[in-house]
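# Structural characterization, general
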Amino acid sequence: MSPRPLSSSGEEAIRRISALLEETEDFGAPGGGNQVVAFATIAEAHVDKTIRKLFGDSGVLEAEVSRRLYSEVQDSIHRSWDARYKWLSQAFNVKIAGERFEQDFSLLVELRNSIIHGNGSLTSLQASKVPQMISIRAGLRRCLGLESHGRKFLLNGAIVVPAAKICRDYILGFDARVQERFPGFDV
C-alpha cells in the first residue's frame, strides 16, 4: 500500500486555507494580517491534531504509568514549535526542524506573532535579539516580499497568496515526513 500524500486533516486544512484565499477581495489593499493569522493557525491546529493522534496510536496511553506521564507533559508538547519538533523527533523519529518548508513556515509564525502580540510590529521579545530580528525581517522580505519600517511591518494584501502557499507547502511537507515514518497514517 502506498502512503497517502496527505492525511484527511491535512487535506481539510489546505481546503480551509484555499477557501480563505478565495474570500480575499483586494490583494493590493492594506491588510493581509487576518489571513496570515488564520492560515498559520489552521496549520498549527493540524500539527497539534497529528501529534495527539501519534501519541494515541503509539500505545503509550494504554499503560497507567505512561498515561499519567503523558497527562503531566501534554501541555508542554504544544507550548512552542521547538517543543513540538522535539517530541516529533525524539518520540516518533519524525524530523521536521530545519527543513526548508519548516523554515519558511517559522517565518510566517513570527509574522503571526508580531500581528497578534505586537499589532503588526516586532514584539519586544522578537526585537531583543538583533541577529534574530534581522533574520526575521530578511526572511519575510524573501518569502513574502514584506517590507518593514523599523519594527513595523508594512502589511498589504500582496502577502496573502505567498502566505497561503507557505502554509500549504508546510502541510504537504509535514504530512510527507509523517507518512515516511508511518505509512498509511491518517488523522
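Notes on the structure follow. Everything numeric in this text was worked out from a predicted model, so none of it was measured.

## Thoughts on the packing of helix 5 (residues 100-118) against helix 7 (residues 130-144)
A pair of packed helices can be characterised by two numbers: the angle between their axes and the separation between those axes. As a packed pair, helix 5 and helix 7 sit with axes 10 Å apart at the nearest point and diverge in direction by 110°. As judged from the angle between their axes, helix 5 and helix 7 are roughly perpendicular. Contacts between helix 5 and helix 7 involve Arg100, Asp104, Leu107, Leu108, Glu110 and Leu111 from the first element and Gln132, Ser135, Ile136, Gly139, Leu140, Arg142, Cys143 and Leu144 from the second. Of the residues assigned to the contact of helix 5 with helix 7, the class counts are seven nonpolar, three polar and four charged.

## Some words on the nonpolar core
One recurring pattern in soluble globular proteins is that nonpolar side chains are buried together. Grouped together as the largest cluster of nonpolar side chains are 50 residues, with contacts concentrated most on Phe105, Leu111, Leu144 and Tyr170. Mapped by element, the contributors of at least two residues to this core are helix 1 (8-23), helix 2 (33-58), helix 3 (64-77), helix 4 (81-92), helix 5, helix 7 and helix 8 (160-181). Broken down by element, the residue count for this core peaks at ten residues, all from helix 2. Other than its neighbours up to four places away in sequence, Leu144 contacts Leu108, Leu111, Ile159, Pro162, Ala163 and Ile166.

## Details of the pattern of salt bridges
Per the counting criterion, the structure on display carries 14 salt bridges. In this structure, the salt-bridge partner of Glu12 is Arg15, at a minimum N-O distance of 2.9 Å. Placement of the pair is Glu12 and Arg15 together in helix 1, with a separation of three residues, close to one helical turn. By relative accessible area, which is 37% here, Glu12 ends up partly exposed. The closest approach of N and O atoms between Arg68 and Glu64, which form a salt bridge, is 2.6 Å. Of the two residues, Arg68 and Glu64 are both situated in helix 3; the distance of four residues between them amounts to about one turn of the helix. With relative accessibility at 38%, the residue Glu64 sits in the partly exposed group.

## Section: the packing of helix 2 against helix 5
With their axes 9 Å apart at the nearest point, helix 2 and helix 5 run at an angle of 125° to one another. Classed by the angle they form, the pair helix 2 and helix 5 counts as oblique. Relative to helix 5, helix 2 is oriented so that their crossing is left-handed. Only Phe105, Leu108, Leu111, Arg112, Ile115 and Ile116 of helix 5 make contact with helix 2, whose side of the interface consists of Gly33, Val36, Val37, Ala40, Thr41, Ala43 and Glu44. Counted by class, the contact of helix 2 with helix 5 contains nine nonpolar, two polar and two charged residues.

## Description of the side chain of Ser7
Tracing the chain through its elements places Ser7 in the segment before helix 1. For Ser7, the side chain forms a polar contact with the main-chain nitrogen of Gly10, separated by 2.9 Å. Excluding anything up to four places from it in sequence, Ser7 contacts His46, Asp175, Asp186 and Val187.

## With respect to the packing of aromatic side chains
A complete count under the given rule lists nine aromatic pairs for this structure. For the pair Phe92 and Phe182, a centre-to-centre distance of 6.3 Å together with 70° between the ring planes defines the contact as edge-to-face. With Phe92 in helix 4 and Phe182 in the segment after helix 8, the pair connects residues that are 90 residues apart, well separated along the chain. Among the aromatic residues, ring-to-ring pairing joins Trp81, Tyr85, Phe101, Phe105, Tyr170 and Phe174 into one connected group. One residue, Arg84, lies across the ring of Trp81, its end atom 4.4 Å from the ring centre.

Procedures and definitions
Residues numbered from 1 in each chain as written. Predicted model: local features only at pLDDT ≥ 70, side-chain atom pairs only at ≥ 80, totals over all residues. Heavy atoms only, no water. Axes fitted to C-alpha atoms, helices over the stretch in contact; angles between N-to-C directions. Helix = DSSP H or I, 4+ residues; strand = E, 2+ residues; numbered from the N terminus. Parallel < 35°, antiparallel > 145°, perpendicular 65-115°, else oblique. Contact = heavy atoms within 4.5 Å. Nonpolar A, V, L, I, M, F, W, Y, C, P; charged D, E, K, R; others polar. Core = buried A, V, L, I, M, F, W, Y, C linked by side-chain atoms within 4.5 Å. Buried < 20%, exposed > 50% of the residue type's maximum accessible area, 1.4 Å probe, protein only. Salt bridge = Lys/Arg side-chain N within 4 Å of Asp/Glu carboxyl O. Left-handed = near helix turned anticlockwise from the far one by under 90°. Polar contact = N/O pair within 3.5 Å; in protein donor to acceptor, adjacent residues only side chain to side chain. Phe/Tyr/Trp six-rings, centres within 6.5 Å; stacked < 30°, edge-to-face > 60°. Lys NZ or Arg CZ within 6 Å of the ring centre and 35° of its normal.

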